[in-house]
Amino acid sequence: MLSVELHAHSSLSYDARDPIELLLEQAEAVGLDALAVTDHDEIDASLQAADIAEDYGLVGIPGMEVTSAAGHILALGINELIPAGLSYDETLDRIREQGGIAVIPHPFQSSRHGVAPHITRTQLAAADAIEVYNSRLFTGRSNRKADRFATARELPKTAGSDAHISEMVGQAVTEVATDDRSETGILDAITDGQTSVVGSKTPWRISFKQFGGGVTRRVRRGVFELL
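Residues numbered from 1 in each chain as written. Predicted model: local features only at pLDDT ≥ 70, side-chain atom pairs only at ≥ 80, totals over all residues. Heavy atoms only, no water.

As annotated in an unreviewed UniProt entry, the chain is PHP domain-containing protein from Halogeometricum borinquense.

Right under this line is the structure:
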């Protein structure tokens, strides 16, 4: 059984804070086996993290969080940037063309770009896995709805810390039932449904810290772009 963090952001994301080294250090410190850095519409930091993950005793899984026209989609096991703004279906196709898998994070929370309000349930069920536990949700309602959907459709389930600061890496973990300690082994086991989820909700003070820091960084970025 491997403990895997599938949803974490580095400073390359517009709303996150820490470099990949701090994310990897935290993953090592809390005893994870693998880490996927999934920046918003960026992949360079994730590729760098995957390259050096072994130095921290980790399996590095390259990926990103793609902003499709319908909302956010985690692309895991890819090596090239997938552009934002594509349709939900085309985004899934692009991920699979690279040999990756598509995991849908916080699908039922529209305020955080969840895809469910904008696609059919058949389209949602076409994903490779559903994130049924996201530690950054303020209530458990959306998580429970995602879990019920995945159960009804017999879809693989994952968890994600959705960490935007390094301290939150490992807050929500996907336990993957495989002895194959490799990117391919982990992703294959996920698509086979060999997963269980473990985690706890991000503390309020940390949620506000992440949210406040994200707002500040977005304002600074906007000012920089204007200049």
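Moving on from the coordinates now.
Those residues of helix H3 (residues 88-97) lying buried are Tyr88, Thr91, Leu92 and Ile95. Taken around the axis of H3, the buried residues stretch over an arc of 100°, which confines them to a single face. Against the buried residues of H3 lie strand E3 (59-67), strand E4 (72-76), strand E5 (101-104) and helix H4 (121-125). Two residues or fewer past H3, Gly99 is found with a positive phi of approximately 85°. (Buried < 20%, exposed > 50% of the residue type's maximum accessible area, 1.4 Å probe, protein only. Helix = DSSP H or I, 4+ residues; strand = E, 2+ residues; numbered from the N terminus. Arc of directions from axis to C-beta. Contact = heavy atoms within 4.5 Å.)

So, about the nonpolar core. Soluble globular proteins: nonpolar side chains tend toward being buried together. Among the nonpolar cores identified, the biggest contains 27 residues, and Ile73, Ile82, Tyr88, Ile104, Val115, Leu124 and Ile130 are the most heavily contacted of them. Only E3, E4, H3, E5, H4, strand E6 (129-134) and helix H5 (141-152) provide two or more residues apiece to this core. Listed in part, the 18 residues of the second largest apolar core include Leu24, Ala49, Ala53 and Tyr56. (Core = buried A, V, L, I, M, F, W, Y, C linked by side-chain atoms within 4.5 Å.)

Here we come to helix H2 (residues 44-52). Among all positions in H2, only Ala45, Ser46 and Ala49 are buried. For H2, the angular spread of the buried residues around the axis is 100°, confining them to a single face.

Below, the discussion takes up the packing of aromatic side chains. For any two aromatic rings, the description comes down to two numbers: the centre-to-centre distance and the angle of the planes. Throughout the structure, instances matching the rule amount to one aromatic pair. Ring centres 6.1 Å apart and planes at 65° place the aromatic pair Phe108 and Phe149 in the edge-to-face group. Of this pair, Phe108 sits in the loop between E5 and H4 while Phe149 sits in helix H5, and the two are 41 residues apart along the sequence. The pair formed by Phe108 and Phe149 is uniform in burial state, with each residue classed as buried. (Phe/Tyr/Trp six-rings, centres within 6.5 Å; stacked < 30°, edge-to-face > 60°.)

We now examine the sheet that holds strand E1 (residues 2-8). Judged by pairing direction, the sheet is mixed, and its nine strands sit side by side in the order E7-E6-E5-E4-E3-E2-E1-E8-E9 without closing on themselves. At either margin of the open sheet sits one strand with a lone partner, and together these are strand E7 (157-160) and strand E9 (195-199). Adjacent strand axes in the sheet meet at a mean angle of 30°, parallel and antiparallel pairs treated alike. Note: strand E8 (residues 172-176) against E9, five bridges, orientation antiparallel. Bridging across to E9, Glu175 finds its partner in Ser196. Each of E6 and E7 touches H5; the most contacted strand, E6, lies at about 150° to it. Helix H6 (residues 183-191) rests against E1, strand E2 (34-37), E3, E4, E5, E6, E7, E8 and E9 of the sheet, and its axis sits at about 55° to E3. (Pairing = 2+ DSSP bridges. Axes fitted to C-alpha atoms, helices over the stretch in contact; angles between N-to-C directions.)

With that settled, the discussion passes to the environment of Glu42. Along the chain, Glu42 falls in the loop between E2 and H2. Spatially, the C-alpha atoms of Glu42 and Met64 are 6.2 Å apart, while their sequence positions differ by 22 residues. Leaving out residues up to four positions away in the same chain, Glu42 has contacts with Leu12, Gly63, Met64 and Leu81.

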